[in-house]
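Here is how the chains run, residue by residue.
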Amino acid sequence: MPTLTRLAALMLFGLMAYVASVYYLALYEERPDNNLGGIFMSLVAAVVGWKFVGTRAKGATLRNFTIVVQGVIATYIISFILYGFYNVFTDGYAGRYKTFDDALQGVFRNASEHAMRMADLEFLIVLLTQAFVVTLLVTGVFRFAEARRFER
């Protein structure tokens, strides 16, 4: 059921992922030409915000913070899996992978490269700060929506 909290989580998670992707691009030695990965991550984050965070968010701020952090982790895991499938098909079609095992190793290699790059302390601080701000906003929206619901 669509709620104001789910809509807020969708928009905030998408925005948070896009801002994080801009910070993530700065971690590259040779910066990519475009931010299509950031747009992809924003779409995945928006879905996670709608389906996971928005449905579980309640009035408790600390509980919501743990849910938002879980949502961030789920966003990255889902993105790595989808990006891995994309690479398997595109790189496999280009003839870079000879067997399925090579493709599977390539998926894990790409995911581990991204995870190691994300292990930068400044990037993690940005993610936690964003998670805290999103938590406060989602909690505020939930409390506002509940107050309006109980006024009726």
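Just so you know, these numbers come straight off a predicted model, no measurement behind them.

Procedures and definitions
- Residues numbered from 1 in each chain as written.
- Predicted model: local features only at pLDDT ≥ 70, side-chain atom pairs only at ≥ 80, totals over all residues.
- Heavy atoms only, no water.
- Phe/Tyr/Trp six-rings, centres within 6.5 Å; stacked < 30°, edge-to-face > 60°.
- Helix = DSSP H or I, 4+ residues; strand = E, 2+ residues; numbered from the N terminus.
- Buried < 20%, exposed > 50% of the residue type's maximum accessible area, 1.4 Å probe, protein only.
- Lys NZ or Arg CZ within 6 Å of the ring centre and 35° of its normal.
- Expected span 1.5 Å × (residues − 1).

A. Examining the packing of aromatic side chains more closely. The full count for this structure, using the stated rule, is four aromatic pairs. Here the aromatic rings of F65 and F132 are separated by 6.4 Å at their centres, their planes lie at 70 degrees, and the arrangement is edge-to-face. Residue F65 is located in helix α3 (residues 61–93), and its partner F132 is located in helix α5 (residues 121–151); the two are separated by 67 residues in the primary sequence. The exposure class assigned to F132 is partly exposed, which follows from its relative accessible area of 44%. Seen in terms of ring centroids, Y76 and F80 are 6.5 Å apart; in terms of plane orientation they differ by 50 degrees. Their pairing is tilted. You can see Y76 and its partner F80 sitting in helix α3, four residues apart, about one turn around the helix. Each of the two residues, Y76 as well as F80, counts as buried. The ring of Y28 carries R117 above its face, with NZ or CZ at 4.0 Å from the centroid.

B. Molecular detail of α5. Its 31 residues place the ends of α5 45 Å apart at the C-alpha level, agreeing with the 45 Å of an ideal helix rising 1.5 Å per residue. Along α5, the positions that sit buried rather than exposed are F123, V126, L127, Q130, A131, V134, T135, V138, T139 and F142.

C. A look at helix α2 (residues 36–56). The end-to-end C-alpha separation of α2 is 29 Å, in line with the 30 Å expected for 21 residues at 1.5 Å each. Within the span of α2, buried status applies to G38, M41, S42, V44, A45, A46, V48, G49, V53 and G54.

In short, shape yes, function no, at least from these values alone.
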